[in-house]
Amino acid sequence: MPVENVLKLAQENNIEWFDFRFVDLSGRAHHISLPSSEVDEDTFVNGVAFDGSSIPGFRGIEESDMVMMPDPESVFIDPFTAHPTINVMCNIYTPDGERYERDPRGIAEKAEEFLQSSGVGTAAFFAPESEFFIFDDVRYQSDTHVSSYSVDSNEAFWNTNRKEEGGNLGFKIRKKGGYVPVAPVDSQQDIRSEMCRLLEEAGLKIERHHHEVATAGQAEINFRFDTLKFTADNLLKYKYIVHNTAVQYGKTATFMPKPLFGDNGSGMHVHQSIFNGDTPLFYEKGAYANLSEMALHYIGGILYHAPALIALTNPSTNSFKRLVPGYEAPVNLVFSKGNRSAAVRIPVAAVTPKGCRIEFRTPDSTANPYLAFSAMLMAGLDGIKNKRDPRELGYGPFDKNIYELSDEDKQGIRSVPASLDEALDELEKNHEFLLQGDVFTADFIANYIAFKRAEAKDVAIRVHPHEFSLYYDC
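Residues numbered from 1 in each chain as written. Predicted model: local features only at pLDDT ≥ 70, side-chain atom pairs only at ≥ 80, totals over all residues. Heavy atoms only, no water.

Caption draft 1: Up close: unusual backbone geometry. With omega at 5°, the peptide bond leading from Ala183 into Pro184 counts as cis. Among the secondary structure elements, Pro184 is positioned in the loop between strand S9 (147-152) and helix H4 (189-201). Despite not being glycine, Lys176 has its phi angle at roughly 60°, a positive value. With a relative accessible area of 39%, Lys176 lands in the partly exposed category. (Helix = DSSP H or I, 4+ residues; strand = E, 2+ residues; numbered from the N terminus. Buried < 20%, exposed > 50% of the residue type's maximum accessible area, 1.4 Å probe, protein only.)

Structure, rendered in structure tokens:
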């Protein structure tokens, strides 16, 4: 909305504070709050200063001054603050007025500009399905002499024999038994509905919510697609509202991909399509899954570059605890219609021409959405430019349940990297497609790889509790 409308919204709602936000390399939001009396039209022109050296992966202390430039199209009223507050997402600029090349939101804007300049289409639409867990208790510690974690949930199967005040009433969720049961097995209907109410107040269009497969409170809320940058904005709103609603209910929510051993993890399946004006470019009636040649080449780009992409779409060591066979994790780099064992699925149920899309199922919510969506778009556009036909490259279509195939039948099917380090190796070898149009820069890629390698090394050198089970008595 225009800046004058933002200021009018503040006046009409007696807003006391403006909360200016930006996102770091990992996808976590940071904020600085200004009183309403200090915010006017000039604030949206001159921006808000902050110290970039205090944000991991940004700038050194010798060049730390940075500027948040507010985007008036991103505002929403915070539903949690005691003092009425408007939240505003920002891009990051240098003091000289230049875009900061490591700003994830700025990279998303450049990706959208590159799509338009390519002549392929006018807009790319994204819709993530971001799963999460709602726990009643979480404890963790990693230190010189101790390494442990513990989560608990009133729904969890391990609590069937727990002594509870008023008696244990049963109706716990079995391992892998949590997909869409009714109450009282699903005890979290109301908290998810409250999350949805607040998300709609913040401007998201909610399509559905339900309990997911895993025990212990796994959930999913689907919201309507939007263009790349605004979908990334919406995902940050989504996480913020999910986290804070859980706290209000005396619970805790996590988007960590694999908080439970031996049960399903949480993914972020990403639906995507390209339009030219109002015309959907991925639809061709009568073709395989009604997909156009452009859509197939887009899929070819995603699967061809997937080993490198995964460094941006699954950028945590915990991501690769989820990406293992046997837990509905999409580890096979093939495509198929309606087949959830493939990395790329083409939804076919109740799909209209404008709803024709592809779904990349491998990502998870530790991804920075601005970076992940931009990287997926760049891979797809590279596939379109170079006519990477997934059928000719051996990526399918593969309409069998890959989880049930023998090792012999799986020969020739590529899998995702086995670790974050392997994914970073792939990104180091293959990132030219990301540099097109200066969407990503060589400096950004090098800095990102170094940042993530340090994270992976920190995890790798720590003592794991299970090592005591294996080796203490040696």
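Past the structure itself, the notes keep going.
Caption draft 2: Molecular detail of the environment of Ala456. Along the chain, Ala456 turns up in helix H11 (residues 442-460). Along the backbone, Ala456 and Ser365 are 91 residues apart, and their C-alpha atoms lie at a distance of 17 Å. Here Ala456 is in contact with Thr317, Leu420 and Asp421, once residues within four sequence places are set aside. (Contact = heavy atoms within 4.5 Å.)

Caption draft 3: Structural context of the packing of H4 against helix H5 (residues 228-248). Packing of H4 against H5 leaves a shortest axis separation of 10 Å and a crossing angle of 135°. Judged on the interaxial angle alone, H5 and H4 are oblique. In this structure, H4 meets H5 at a crossing whose hand is right-handed. Within the contact between the two elements, H4 uses Ile191, Glu194, Met195, Leu198 and Leu199 and H5 uses Lys237, Tyr238, Ile241, Val242, Thr245 and Ala246. Here the contact of H4 with H5 is composed, by residue class, of eight nonpolar, one polar and two charged. (Axes fitted to C-alpha atoms, helices over the stretch in contact; angles between N-to-C directions. Parallel < 35°, antiparallel > 145°, perpendicular 65-115°, else oblique. Left-handed = near helix turned anticlockwise from the far one by under 90°. Nonpolar A, V, L, I, M, F, W, Y, C, P; charged D, E, K, R; others polar.)

Caption draft 4: Region of interest: the nonpolar core. By size, the foremost hydrophobic cluster in this structure holds 117 residues, and its most contacted members are Phe18, Phe132, Tyr238, Ile274, Leu377 and Phe440. The biggest single contributor to this core is helix H6 (residues 293-313), with twelve residues. Phe133, Phe135, Ala156 and Ala216 belong to the second-largest nonpolar core, a separate cluster that totals seven residues. (Core = buried A, V, L, I, M, F, W, Y, C linked by side-chain atoms within 4.5 Å.)

Caption draft 5: View of the packing of aromatic side chains. In the structure shown here, the tally under the stated rule is 20 aromatic pairs. Between Phe444 and Tyr448 the ring centres are 6.0 Å apart and the planes differ by 20°, which places this aromatic pair in the stacked class. With Phe444 and Tyr448 both in helix H11, this residue pair falls four residues apart, about one helical turn. Through a chain of ring-to-ring contacts, three or more aromatic side chains come together here, namely Phe22, Phe50, Phe58 and Tyr100. Stacked on the ring of Phe255, the Lys or Arg Lys239 has its end atom at 5.5 Å from the ring centre. Across the ring face of Tyr304, the terminal group of Arg388 is positioned such that the distance to the ring centre comes to 4.0 Å. (Phe/Tyr/Trp six-rings, centres within 6.5 Å; stacked < 30°, edge-to-face > 60°. Lys NZ or Arg CZ within 6 Å of the ring centre and 35° of its normal.)

Caption draft 6: Expanded view of the pattern of salt bridges. A complete count under the given rule lists 29 salt bridges for this structure. Between Asp71 and Arg105 there is a salt bridge whose closest N-O contact spans 2.8 Å. Placement of the pair is Asp71 in the loop between strand S4 (65-70) and strand S5 (76-77) and Arg105 in helix H3 (residues 104-118), with a sequence separation of 34 residues. Pair check on accessibility: Asp71 and Arg105 agree, each one buried. As a salt-bridge pair, Glu428 and Arg453 come within 3.2 Å of each other at their nearest N and O atoms. (Salt bridge = Lys/Arg side-chain N within 4 Å of Asp/Glu carboxyl O.)

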